[in-house]
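Structural description and commentary
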Amino acid sequence: MSAEQVGIDLRLLGPVRALRDGAELVLGSARRTAVLCVLALHTGQGVSRDQLVSAVWGADAPPSATGNIYTYVSTLRQMLEPTRSRWTAGRLFSSGGGTYQLHLSPDSVDVLRFQSLREAAQRQRSAGHTDAELATVAAALRLWRGEALAGVPGPFAEGQRLRLAELRLATTERYAELLTGSGRHGEAAQLLRELSTAHPHREDLRDRLAGLPAAGRPASRSVVTGGGVPAVGVPVANGRVEPAGGSELPTGGVPVAKSGPGVRTGADLLLGRGAVLHRLRRALTEVATGRGGSILLEGPAGIGKTALLTAALPTAPEGCRIGWAVGDEVARDTPLGTLRDCVEFALAAGPEHPTVEALVAVSARPEGPDADQSAGAHLADRAGADGTDEVDAERRRAARADADAAARAVELVRRATAEAPLILVVDDLHWADPTTLRAWATLGGQASELPLLLVAAVRPGAGWAAEQSAAEVVTLGPLDSGAAGALVRAVAPQPPEPQELARILDDAGGHPEYLRQLAAGGIDPFPEAGLLAAVRAHLSPYPEETRQVLRAVAFLSAYEVRAPGTQPAGCTVAEVGAATGHHLDDLARLLAPVRAAGILAPGDRLRFRHRVVVRTLCGSTPAALRVTLCRLYAGRLAAAGTAPERVVALMLAGDVPVDDCTGGWLAEHVERVAEAAPQIAIAALAQAHAQHALDPARRLTLTAWLARLLLREDRNAAAEAGWVAARTADPELAGEMRWIAAHSHERRGDFETAAEIAHVALRERRIGPRWIDRLRALLGRIRPSLPGNPTEPHLSRSGLLGEGRTTVP
């Protein structure tokens, strides 16, 4: 039976989906999905376990990786062939010789179909069949639903994403060429605008857009799609263009939400944001009547700023021009680069448009002796130094040029508003160049008098935000529990159990992106690629040194996240300083931006606002490095006199093994740890008891402490106490452990076993007098509950029948 006969359909050109006879299959964890992707893209070829481990984990494979591969493959086999008997050979999935193999037709995997269509298009191009090539290329692009293998972890998936992205880009460029050749200039212009925005360093794309006939560059309003950068368009059958996010766009239009089975409308992205969305839409309505303004949408990465902008902008009234640009670190070196891109997009024109040409001209620094007489010279003079040093003079001259460029850019934008209401949107304005920021602030102060609306998405904590004093700041905070729960239920593949839902809400702390990632994949000991990418995006704006300090904060906080309530949440600045070797003043400087951005929660202790960040930072650190760092940090904390329970919690969080060195330190401080944090002590002592290589005497001492603590915490200590009693030669310790074992069984209601332990200990007479008395007292307590003659509990049932008698000394 072939894959085609049973209707297997694997879709990898976007979020990975698998369908069998039209019914969607639940793929489970991201790593299981990664295994499926490797096998699917090697269909008909054997792939060994070692190759799968390398493809899914790379060089950081855990010891359990080979066993995990076996489990993943077994589950995938059952999923793809549910009716196959365990003892019969598979038709779709086979194994042998240490390899696994999928038997799928090329039509069952969209990546293979895409590649096949590209090859067919190349043959048609060679034969000169342009119309056929156009239809084939369009069919190839329709297969895409987003980023290939989205969220799938591992080096194989990452390499495939890069390879397929390049193929998609080349195919889209060829599609634009074919559209141009067939006279469909409007569609070609739209594609080229989207490509040039998504790939700002590709100047050839702008040149090709500029070379189109004017009819191909409609001066209406531009297309805005989700994700921060306008998405690369995908052709649909009726000649219109569909953005990668799934909205349907007539050429030159605004996104219109689609509906229907299997299509996400984006409603889950806006849960809990109704008031903000209403405010943005009201501003769009007002600018059409001539009343503008400036809005700063402030919030951390992943909080939903771009989703709100994408949802609001399509509701702008007809006749408004909308410009969209995205700030990035590269753009900071180009004066007015971000503003120019935004205006150019709004005018739906190439760089030869008069307004755009003027912006390009004013962004060039003036030369010659007259440059000092610019309109903004007095601003730079006040900021400059009084010295005559050549470097200072050049700095003042550059500042005057920037001020003049900003002033002239403001005037050009004001003139553009005379033609039609203008809406300028910049995502990640914090990355814009300083001249754009100066002009944006000035325009913000004048916008209320113009048909001009400025909307910018920014991350909190940016020092320049004070310059945008005229803007209305709308802060996006965490979702409340109701909206967060609704989002989880909307995204989760199946309704989460109440306990699982509570864990997700607690870990995500109301952060929409974390909620989506956790709901889609659950909480995994190894953070999945999508979740790790979200956390990295959250922290990427900060310097490497700051991120390393945050990793130390995560290690110091990790055990409380793993076992809530065992110690105070987070850590102190002094602990981080001791662990990392940073001076407290340096830490204050490094952590100030992340405090301001809300990554760390307010308060004296350093604590991540979103607990999932702690899990992800710790879980994504390779095991060997995690052990090394936590051992190093623990040693520094101990040397600095940090409370021993904090040192032990750090070692537990890093899975630092208990060896003779750490075991000796633990034995020295166990009483203090047991008193201050009994649960932490129990976890560490249990780990020590499991270390067979530990010095026997030290292991015995630590296990005895484990038995005492388990009993104190009303837990069963019988096994640990019996283990110590069987190995110690100390009568006092033996008696204590026998009593703990018997008392543990007494608490559980197992009176016969308790009596048996007491009888054996009393017969052997190898215990101290104190424990003899306590064991006899125990026997007295449980006597009424023992079977047999209540007045002679020491007799067994056989003794009562005259078959023998057991005497207690």
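Remember, predicted model here, so these are calculated numbers, not experimental data.

Criteria and thresholds
- For every chain, the first residue of the written sequence is number 1, and numbering continues from 1 onward in sequence order.
- Reporting of local features is limited, given that this is a predicted model, to residues whose pLDDT is at least 70; pairs of side-chain atoms are given and counted only at 80 or more, and all residues count toward the totals for whole chains, interfaces and linings.
- Hydrogens and water molecules were not included; the side-chain quantities draw on all heavy atoms of the structure.
- Elements are defined by DSSP. Helices are runs of H or I of four residues or more, strands are runs of E of two residues or more, and each kind is numbered from the N terminus.
- Burial status follows relative accessibility: with a 1.4 Å probe on protein chains alone, a residue under 20% of its type maximum counts as buried, one over 50% as exposed, and anything between as partly exposed.
- Using a 1.4 Å probe, accessible areas were evaluated by the Shrake-Rupley method; residue-level cover was limited to the displayed protein chains.
- A 1.4 Å probe that fits into a set of points on a 1 Å grid over the protein atoms alone but cannot get out defines a cavity; an open set with protein on both sides within 12 Å along at least five of seven lines defines a pocket, and lining residues are those with an atom within 4 Å of a point.
- Grid points are joined across faces, edges and corners, and a volume is the space filled by probe spheres set on the points.
- Under the convention adopted here, Pro, Cys and the residues Ala, Val, Leu, Ile, Met, Phe, Trp and Tyr are nonpolar, Asp, Glu, Lys and Arg are charged, and Gly plus all remaining residues are polar.
- The predictor rates its confidence in each residue with pLDDT, a number between 0 and 100.
- Contacts are residue-level and defined by heavy atoms, with any inter-residue pair within 4.5 Å sufficient.
- Any two strands between which DSSP finds at least two bridges are classified as paired.
- To obtain an axis, a line is fitted to C-alpha atoms, over the contacting stretch when the element is a helix, and the angle between two such axes runs from 0 to 180 degrees between their N-to-C directions.
- Think of a nonpolar core as a cluster: buried Ala, Val, Leu, Ile, Met, Phe, Trp, Tyr and Cys residues, connected wherever their side-chain atoms sit within 4.5 Å.
- Classification of ring pairs rests on two measures: the distance between centres of Phe, Tyr or Trp rings, Trp counted by its six-membered ring, which must be within 6.5 Å, and the angle between planes, read as stacked under 30 degrees, edge-to-face over 60 and tilted in between.
- Only when the NZ of Lys or the CZ of Arg is both within 6 Å of the ring centre and within 35 degrees of the ring normal is a charge said to sit over the ring.
- Comment on the angle field: the value is read as roughly parallel under 35 degrees, roughly antiparallel over 145, roughly perpendicular from 65 to 115, and oblique elsewhere.
- Note on convention: near helix rotated counterclockwise from far helix by under a right angle means a left-handed crossing. Clockwise means right-handed.
- Salt bridge criterion: a side-chain nitrogen from Lys or Arg within 4 Å of a carboxyl oxygen from Asp or Glu.

**Description of the overall build of the chain**
- When you go through the chain residue by residue, the secondary structure sums to 34 helices and 13 strands.
- Relative to its full complement of 809 residues, the chain shows a buried share of 50%.
- Summed over its atoms, the accessible surface of the chain is roughly 35900 Å², and 52% of this surface lies on carbon and sulfur atoms.

**Thoughts on empty space enclosed by the protein**
- Tallying each qualifying case throughout the model produces 6 cavities of 30 Å³ or more.
- Its boundaries defined by the atoms lining it, the largest cavity holds a volume of some 70 Å³.
- Lining the largest cavity we find Val648, Met651, Leu652, Val656, Val658, Thr662, Leu666, Ala684 and Gln687.
- Those elements giving two or more residues to the lining of the largest cavity turn out to be helix H26 (644-653), helix H27 (660-676) and helix H28 (678-689).
- In terms of residue count, the dominant contributor to the lining of the largest cavity is H26 (3 residues).
- Partitioned by chemical class, the residues of the lining of the largest cavity number 7 nonpolar, 2 polar and no charged.

**As for the confidence of the model for the chain**
- Of all residues in the chain, 79% attain a pLDDT of 70 or more, and the chain-wide mean is 79.
- Residue range residues 365-387 is modelled with pLDDT below 50. Its contacts to residues more than four positions away, or to other chains, number 28 contacts.
- Note that pLDDT drops below 50 for residues 522-527; the model gives that stretch 15 contacts with residues more than four away or on any other chain.

**Details of the sheet that holds strand S4 (residues 47-48)**
- With antiparallel pairing, the 3 strands of this open sheet are ordered in space as S4-S6-S5. At either margin of the open sheet sits one strand with a lone partner, and together these are S4 and strand S5 (93-96).
- Here 4 bridges tie S5 to strand S6 (residues 99-102), and the two strands are oriented antiparallel to one another. The residue bridging Ser95 from the neighbouring strand is Tyr100, located in S6.
- Packing against the sheet, helix H2 (residues 30-40) makes contact with S4, S5 and S6, and its axis sits at approximately 75° to S6.
- Each of S5 and S6 touches helix H4 (residues 65-80); the most contacted strand, S5, lies at about 145° to it.

**Notes on the nonpolar core**
- The biggest cluster of nonpolar side chains holds 107 residues, and the ones touching the most others in it are Phe608, Val648 and Met737.
- Here this core takes 10 residues from helix H21 (residues 544-562), the largest share from any one element.
- In this structure Val648 touches Trp665, Leu666, Val673, Ile680 and Ala684, once residues within four positions along its chain are discounted.
- Val16, Ala34, Val73 and Leu164 belong to the second-largest nonpolar core, a separate cluster that totals 47 residues.

**Thoughts on the packing of aromatic side chains**
- Inspection of every chain in the model, using the stated rule, returns 3 aromatic pairs.
- Where Phe555 meets Tyr633, the ring centres are 6.5 Å apart and the plane angle is 55°; that geometry is what we call tilted. Here the residue Phe555 occupies a position in helix H21, and Tyr633 occupies one in helix H25 (residues 623-639), the gap between them amounting to 78 residues.
- Given the relative accessible area of 1%, Phe555 is considered buried.
- By relative accessible area, Tyr633 is classed as buried at 9%.
- With centroids separated by 6.0 Å and ring planes inclined at 40°, the aromatic side chains of Trp739 and Trp771 adopt a geometry described as tilted. You can see Trp739 sitting in helix H31 (residues 731-747) and its partner Trp771 sitting in helix H33 (residues 769-782), a full 32 residues away along the chain. Taken individually, Trp739 and Trp771 each receive the classification buried, so the pair is uniform in this respect.
- The cationic tip of Arg708 hangs over the ring face of Trp705; the distance from NZ or CZ to the ring centre is 5.1 Å.

**A closer look at the packing of H31 against helix H32 (residues 751-764)**
- For the pair H31 and H32, interaxial distance at closest approach is 7 Å and the crossing angle is 160°. Regarding the angle of H31 to H32, the classification is roughly antiparallel. Crossing of H31 over H32 shows left-handed handedness. Of the residues in H32, those in contact with Arg738, Ala741, Ala742, His745 and Glu746 of H31 are Phe751, Thr753, Ala754, Ile757, Ala761 and Glu764.
- Partitioning the contact of H31 with H32 into residue classes produces 6 nonpolar, 2 polar and 3 charged.

**Notes on the packing of helix H22 (residues 573-580) against H25**
- For the pair H22 and H25, interaxial distance at closest approach is 7 Å and the crossing angle is 115°. The chirality of how H22 crosses H25 is right-handed. Packed against H22, whose contacting residues are Glu575, Ala578, Ala579 and Thr580, the element H25 presents Tyr633, Arg636 and Leu637 at the interface.
- Across the contact of H22 with H25, the residue classes break down as 4 nonpolar, 1 polar and 2 charged.

**Describing the sheet that holds strand S1 (residues 8-11)**
- Strand order in the open sheet made by the 3 strands is S1-S2-S3, with antiparallel pairing throughout. Edge positions in the sheet fall to S1 and strand S3 (23-24), since each has one partner strand and no second.
- Note: S1 against strand S2 (residues 17-20), 4 bridges, orientation antiparallel. Across the sheet, residue Ile8 finds its bridge partner in S2, namely Arg20.

**Describing the pairing of S6**
- Direction of pairing for S4 relative to S6: antiparallel, over a ladder of 2 bridges. If you follow Ser48 over to S6, its bridge partner there is Thr99.
- With antiparallel pairing between neighbouring strands as the criterion, S5 and S6 make up a hairpin whose turn holds 2 residues, including Gly97 at a positive phi of roughly 65°.

**Structural notes on the pattern of salt bridges**
- For the structure shown, the criterion picks out 30 salt bridges.
- Here Arg17 and Glu24 are joined by a salt bridge, their closest N and O atoms 2.8 Å apart.
- For Arg747, the salt bridge identified is with Asp714, shortest N-O distance 3.3 Å. Separated by 33 residues along the polypeptide, Arg747 in helix H31 and Asp714 in the loop between helix H29 (696-712) and helix H30 (718-725) bring together distant segments of the chain.
- By relative accessible area, which is 58% here, Asp714 ends up exposed.

**As for the environment of Leu179**
- Here Leu179 is to be found in helix H7 (residues 155-181).
- Considering only alpha carbons, one finds Leu179 and Leu191, 12 residues apart in sequence, at a separation of 9.7 Å.

**So, the pairing of strand S12 (residues 452-458)**
- Burial analysis of S12 places 7 of its 7 residues in the buried class, which makes it a mostly covered element.
- Burial along S12 is two-sided: Leu452, Leu454, Ala456 and Val458 and Leu453, Val455 and Ala457, pointing in opposite directions, are all buried.
- Sheet analysis places strand S9 (residues 293-298) next to S12, joined by 6 bridges and oriented parallel. Bridge assignment links Ile295 to a residue of S12, and that residue is Val455.
- Of the pairings in the sheet, the one linking strand S11 (residues 422-427) to S12 comprises 6 bridges and is parallel in character. Within S12, the residue paired with Val425 across the bridge is Val455.

**As for unusual backbone geometry**
- A positive phi angle, close to 55°, is found at Asp21, a residue other than glycine.
- Secondary-structure assignment places Asp21 in the loop between S2 and S3.
- Exposure remark for Asp21: the relative accessible area of 53% places this residue in the exposed category.

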